[in-house]
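Summary of structural features
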Amino acid sequence: MKYISTRGNCPEQSFEQVLLAGMAPDGGLYVPANLPHYSVEEINSWKSLNYAELAMKIVAPFVNGEIPDAELQRIIEESYSEFDHDEVAPLSSLGGNDYLLELYHGPTLAFKDFALQVLGRLLDYVLKENDQRVVILGATSGDTGSAALEGCRHSDHVDIFILHPHNRVSEVQRRQMTTVMGDNVFNLAVEGNFDDCQSIVKAAFADQSFLPEDRQLVAVNSINWARIMMQIVYYFSAALKVGGPENEVSFSVPTGNFGDIFAGYLAKKMGLPISQLIVATNKNDILHRFISRNDYSATNLSHTYSPSMDILVSSNFERYLFDLFARDGEALTEFMSRFGKEALSVTNKQFSEVQSCFSSASVDDDQTCAVIAQVKQDIGKLLDPHSAVGVKAARDCNNNPDIPMITLATAHPAKFSDAIAAAGLETPELPPHLQDLFQREEHYSVVNNSLSEVTEFVASHARK
Ligand SMILES: *Cc1c(COP(=O)(O)O)cnc(C)c1O
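Residues numbered from 1 in each chain as written. Predicted model: local features only at pLDDT ≥ 70, side-chain atom pairs only at ≥ 80, totals over all residues. Heavy atoms only, no water.

**Let's talk about the pairing of strand 5 (residues 134-139)**
Buried residues dominate strand 5, accounting for six of its six residues. A two-sided burial pattern is seen for strand 5, the buried positions comprising V134, I136 and G138 on one face and V135, L137 and A139 on the other. (Buried < 20%, exposed > 50% of the residue type's maximum accessible area, 1.4 Å probe, protein only. Helix = DSSP H or I, 4+ residues; strand = E, 2+ residues; numbered from the N terminus.)

Shown next as structure tokens:
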């Protein structure tokens, strides 16, 4: 399997090259040149596999033998043995035909662990083989940071710098990042919002001359293809538990950077019979406006109870647009060059394709809290605010109650006590391995919203 850029202006890359990169040099994102496709019979034959075995089946073709199968299998098994649930991604019932896919049983209590536990180990393996050291630079709206630190901190081959928006992540999220110890681990609190952090990271990747010699930047944001790849697995796993692939299933996905839902879109293209794919957004609704009325224009950022989705521009959406533009990198480049300057729309034909592929909803904070309170009362389950946005969107968009509707529960409620309190409920306890989180010592540096301040910090703190 080879990888190409969405802007169509760079040579094909191997899996390893894509793993060790950020964006493509032409400014695009890497996508597989083609996708494997599986028949219903083939998917059916995976029913008896455990999660790690299923992951191996789905991921191996994308890795293309560049990491020996035995190593890949070890990496996947070790990664998912860190989860505190036997099934790794268990499904629970929300009543009737509605389900919750619990993706918060990993070490940092959010779905980001599914990819970043594996990504850290993949990097470690490849860097060791190459006798190479790299600098990881990432921006986080809250959950990527801790998952990346947790996944990568053991590697001698990386120095890791994570930018988060100062005072804009929850206290548990911040502490999960700032209490990670290691002389290769650095947290930077940027005086700005998540999009500012993302812009700094993007600019740093574009000009890496500030780095020590022999180093390059590696991305841990969902622009890194390996993250998307690992997230395809749980769509198959969940569908197989509720009558798939003989019967269709639907998914509702709380969405920020469009990484998670893009993995669902790929699962469908790979042959998994999916009826609806619901893009669940909070008040930051650019994707909902595009999907519901062909309006792709940025607005101002709102800070909501679901901070991991407080994102103006979803970087991974470009990967979908590439398909929508029939993989014409030049046409997509032209389209993207106008973004931010004017309200964009696509042709009627493209728009009907969008609408046949996705449904969408935008859920505000009041509705989010109401759903948290109601689900708690009805079935005793405490949802985190992101998952609540997903549940509400599933209810609003469901067009066939006979088809199982699976909402991705992307985080554990203990990470977001503000929203839980606003819903009139008591904050749940953190799991045992995080019980002393509020006693641990924090380490982070506050910096201005400035590219040069960040790059100077990285240059002076990366190990020599
Ligand atoms: C990252 C995150 C999301 C959004 O996922 P994307 O892949 O960026 O769309 C949703 N919920 C939680 C809890 C997250 O951490």
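**Focus on the side chain of S302**
Counting through the fold element by element, S302 comes out in the loop between helix 11 (286-293) and helix 12 (317-324). In contact with S302, not counting residues within four places along its chain, are K283, N284 and D310. (Contact = heavy atoms within 4.5 Å.)

**Section: the packing of helix 3 (residues 51-63) against helix 9 (residues 225-241)**
Between helix 3 and helix 9, whose axes approach to 9 Å, the crossing angle comes to 135°. Classified by the angle between their axes, helix 3 and helix 9 sit oblique to one another. Relative to helix 9, helix 3 is oriented so that their crossing is right-handed. Of helix 9, the residues touching helix 3 (which contributes Y51, L54, A55, I58, V59, F62 and V63) are W225, M229, M230, I232, V233, Y234, F236, S237 and L240. (Axes fitted to C-alpha atoms, helices over the stretch in contact; angles between N-to-C directions. Parallel < 35°, antiparallel > 145°, perpendicular 65-115°, else oblique. Left-handed = near helix turned anticlockwise from the far one by under 90°.)

**Concerning helix 4 (residues 69-81)**
Its 13 residues place the ends of helix 4 18 Å apart at the C-alpha level, agreeing with the 18 Å of an ideal helix rising 1.5 Å per residue. Buried within helix 4 are the following residues: L72, I75, I76, S79 and Y80. With its buried residues spanning 115° around the axis, helix 4 presents them on a single face. Facing away from the buried side of helix 4 by more than 90 degrees, the exposed set consists of A70 and S81. On its buried face, helix 4 sits against helix 3, helix 5 (112-130) and helix 9. (Expected span 1.5 Å × (residues − 1). Arc of directions from axis to C-beta.)

**Description of the site of the ligand**
Taken together, the neighbourhood of the ligand is formed by 15 residues, with K112, D143, G256, N257 and T410 sitting nearest. At 2.6 Å from an oxygen atom of the ligand is found a side-chain nitrogen or oxygen belonging to K112. Between N257 and the ligand, the recorded distance is 2.7 Å, taken from a backbone N or O atom to an oxygen atom. Within the complex, 97% of the 380 Å² of free accessible area of the ligand lies under protein. The class makeup of the residues in the shell around the ligand is five nonpolar, seven polar and three charged. (Near = heavy atom within 4 Å. Polar contact = N/O pair within 3.5 Å; in protein donor to acceptor, adjacent residues only side chain to side chain. Areas by Shrake-Rupley, 256 points an atom, 1.4 Å probe, with all protein chains shown as cover. Nonpolar A, V, L, I, M, F, W, Y, C, P; charged D, E, K, R; others polar.)

**What about the packing of helix 10 (residues 259-269) against helix 12?**
Here helix 10 crosses helix 12 at 35°, and the two axes come no closer than 9 Å. In this structure, helix 10 contributes F262, Y265 and K269 to the contact, and helix 12 contributes R319, Y320 and D323. Of the residues assigned to the contact of helix 10 with helix 12, the class counts are three nonpolar, no polar and three charged.

**A word on the environment of G145**
Residue placement: G145 occurs in helix 6 (residues 143-152). A relative accessible area of 0% places G145 in the buried class. Apart from the residues lying within four places of it in its own chain, the contact partners of G145 are T140, I162 and M177.

**Quick look at the sheet that holds strand 6 (residues 158-165)**
Read across the sheet, five strands follow the order 8-5-6-7-13 without closing on themselves; strand pairing throughout is parallel. Single-partner strands in this sheet number two, and they are strand 8 (217-218) and strand 13 (445-447). As judged from the three bridges shared by strand 7 (residues 185-190) and strand 13, these two strands associate in the parallel manner. From the neighbouring strand, V190 faces strand 13, where its bridge partner is V447. In the packing of helix 8 (residues 194-206) onto the sheet, the strands contacted are strand 5, strand 6, strand 7 and strand 8, and the crossing angle to strand 5 comes to about 150°. (Pairing = 2+ DSSP bridges.)

**So, the pairing of strand 9 (residues 249-254)**
With six of its six residues buried, strand 9 lies for the most part within the structure. Two strands pair when backbone bridges link them, and strand 9 and strand 10 (residues 274-281) are joined in this way by five bridges, in the parallel orientation. Each bridged residue has a counterpart across the sheet, and for V249 the counterpart in strand 10 is I274. Viewed along the sheet, the connection from strand 9 through helix 10 into strand 10 turns out right-handed. Of the strand pairs in this sheet, strand 9 and strand 12 (residues 405-409) are connected by three bridges, and their pairing is parallel. When the bridges of strand 12 are listed, S252 appears paired with T407. (Right-handed = clockwise from strand over helix to strand, strands pointing away.)

**Describing the sheet that holds strand 4 (residues 98-102)**
Pairing is mixed across the open sheet formed by six strands, whose spatial order is 3-4-12-9-10-11. Here the strands that pair on one side only, and so sit at the sheet edges, are strand 3 (91-93) and strand 11 (359-362). Adjacent strand axes in the sheet meet at a mean angle of 25°, parallel and antiparallel pairs treated alike. By the bridge criterion, five bridges tie strand 4 to strand 12 in an arrangement that is parallel. The partner of D98 across the bridge, within strand 12, is M405. With respect to the sheet, helix 16 (residues 385-397) is in contact with strand 4, strand 9, strand 10, strand 11 and strand 12, its orientation differing from that of strand 10 by roughly 130°.

**Description of the side chain of S297**
On the secondary structure map, S297 appears in the loop between helix 11 and helix 12. Polar side-chain contacts of S297 include one of 2.7 Å to the side chain of D295. Among all residues touching S297, those that are not within four sequence positions of it are I286, R289, F339 and A343.

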